[in-house]
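Understanding the architecture of this molecule
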Amino acid sequence: ISAWESLHDSIIGYKRPSDLSVCYLSGPQPQNDFNELIALGVLPQNIWAFECDWTTYLNAVASYDKPVFPQPKIIRMSVEHFFKQSPKKFDIVYIDACGAIPSNKHALRSVATLFQYQRLNSPGVLITNFAKPDINNIDVKNQYIKLIATYLFLRSIPMRR
């Protein structure tokens, strides 16, 4: 067991909070998450915030009109496109989707892209937050039912080899 633990430690190693690289979805107020990460010991230069909506991006940048340091890097690009175009890997990825899984925000696609392009370090942490779908809206309810029905249907078909 001690030999395995030594091997594990040599491969995985140990990271202090200051060694971690973190990305999150900015939204109009990126300072909240940024302050929490800094309070936990993550270095400001290792924190990346992403926002693709132009208006929301402008609101996020405007929240830093006064010369406050440190500030997060706010990248005007979808995190999904960044994962496709950059070799950068993160130790922690926080995707606060502010929407349901079946929605026009395509939040689950960014999670899939994260894994497809291997942008999460090993070991790494993915934190997601999805909202409950509005089942009072018949279109949303039908999308959700279709998603779950497709999943359950495919699970009922045995795989052939």
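Structure shown above.
What you see is a predicted model; the values in this text were computed from it and never measured.

**As for the environment of W54**
Relative to the helices and strands, W54 is located in helix α3 (residues 54-62). Under the relative-accessibility criterion, W54 is labelled partly exposed at 46%.

**A word on the environment of V93**
Its location among the elements puts V93 in strand β4 (residues 90-96). Sequence separation of V93 and N121 is 28 residues, and the distance between their C-alpha atoms is 9.8 Å. With near-sequence residues (within four places) excluded, V93 lies in contact with C23, F83, L114, L120, V125, L126 and I127.

**A few points about the pairing of β4**
Across the seven residues that make up β4, a large majority, five, are buried. For strand β1 (residues 22-25) and β4, the ladder comprises three bridges, and the chain directions are parallel. Note on β4: the bridge partner recorded for Y24 is Y94. Where β4 and strand β5 (residues 120-129) come together, six bridges link them in parallel fashion. Within β5, the position partnered with I92 by the bridge is V125.

**Some points on the packing of aromatic side chains**
In this structure the tally under the stated criterion is six aromatic pairs. Centre to centre, the rings of F50 and F82 are 4.8 Å apart; their planes meet at 50°, and the pair counts as tilted. On the criterion of sequence distance, the pair formed by F50 in strand β2 (residues 47-50) and F82 in helix α4 (residues 79-85) is long-range, its members being 32 residues apart. Of the two residues, F50 and F82, neither departs from the other in class, the shared state being buried.

**Digging into the pairing of β1**
Looking along a regular strand, one sees the side chains alternate between the two faces of the sheet. Across four bridges, the pairing between β1 and β2 is parallel. For Y24, the partnering residue across the bridge sits in β2 and is A49. At this point the chain moves from β1, through helix α2 (residues 31-39), to the parallel β2, and the crossover so formed is right-handed.

**Overview of α3**
Of all the positions in α3, only T56, Y57 and A60 are classed as buried. Seen end-on, α3 carries its buried residues on one side only, within an arc spanning 100°.

**Details of the environment of T150**
Mapped onto the fold, T150 is located in helix α6 (residues 138-156). A distance of 2.8 Å separates a polar side-chain atom of T150 from the backbone oxygen of K146.

**Side note on the nonpolar core**
Among the nonpolar cores identified, the biggest contains 13 residues, and V22, Y24, L37, V42, I47 and I74 are the most heavily contacted of them. For this core, the secondary structure elements donating two or more residues are β1, α2, β2 and α3. The residues touching V42, leaving out its near neighbours within four places in the chain, are P17, L20, V22, L37 and I47.

**Concerning the sheet that holds strand β3 (residues 73-75)**
The parallel open sheet is built from five strands, whose spatial order is β3-β2-β1-β4-β5. In the strand order of this sheet, the two ends are held by β3 and β5, each with one partner. If you compare each strand with its neighbour and ignore which way they point, the axes differ by 20° on average. Here α2 sits on the sheet in contact with β1, β2 and β4, set at roughly 160° to β1. Helix α5 (residues 107-116) contacts β4 and β5 of the sheet and is inclined by roughly 180° relative to β5.

**With respect to α2**
Regarding α2, the residues found buried are Q31, F34 and L37. On an axial view of α2, the arc spanned by its buried residues comes to 130°, and they lie on one face. For α2, the exposed residues set more than 90 degrees away from the buried face come down to E36 and A39. Where α2 is buried, its residues contact β1 and β2. Immediately beyond the C-terminal end of α2, within one or two residues, lies G41, with a positive phi of roughly 105°.

Calculation notes
- Residue numbers here run from 1 along each chain, matching the order of that chain's written sequence.
- Reporting of local features is limited, given that this is a predicted model, to residues whose pLDDT is at least 70; pairs of side-chain atoms are given and counted only at 80 or more, and all residues count toward the totals for whole chains, interfaces and linings.
- Only hydrogens and water are set aside when side-chain values are computed; all heavy atoms of the structure are taken into account.
- Secondary structure elements follow DSSP: runs of H or I of four or more residues count as helices, runs of E of two or more count as strands, with numbering from the N terminus.
- Each residue's exposure class comes from its accessible area (1.4 Å probe, protein chains only) as a fraction of the maximum for that residue type: buried when under 20%, exposed when over 50%, partly exposed otherwise.
- It only takes one pair of heavy atoms within 4.5 Å for two residues to be counted as in contact.
- Strand pairing requires that DSSP identify at least two bridges connecting the strands.
- Aromatic contacts are taken between Phe, Tyr and Trp rings whose centres are within 6.5 Å, Trp giving its six-membered ring; a plane angle under 30 degrees counts as stacked, one over 60 as edge-to-face, and the others as tilted.
- Orienting the strands away from the viewer, one traces the path from the first strand over the helix to the second; a clockwise path indicates a right-handed crossover.
- Think of it as the arc spanned by the lines of direction from the helix axis to the C-beta atoms.
- N or O atoms closer than or at 3.5 Å make up a polar contact, with two conditions inside protein: a donor-capable atom paired with an acceptor-capable one, and, for residues adjacent in sequence, both atoms drawn from side chains.
- Here, nonpolar core means buried Ala, Val, Leu, Ile, Met, Phe, Trp, Tyr and Cys residues that are tied together by side-chain atoms lying within 4.5 Å of each other.
- Lines fitted to C-alpha atoms define the axes here, with helix axes fitted over just the stretch in contact, and angles between the N-to-C directions of these axes take values from 0 to 180 degrees.

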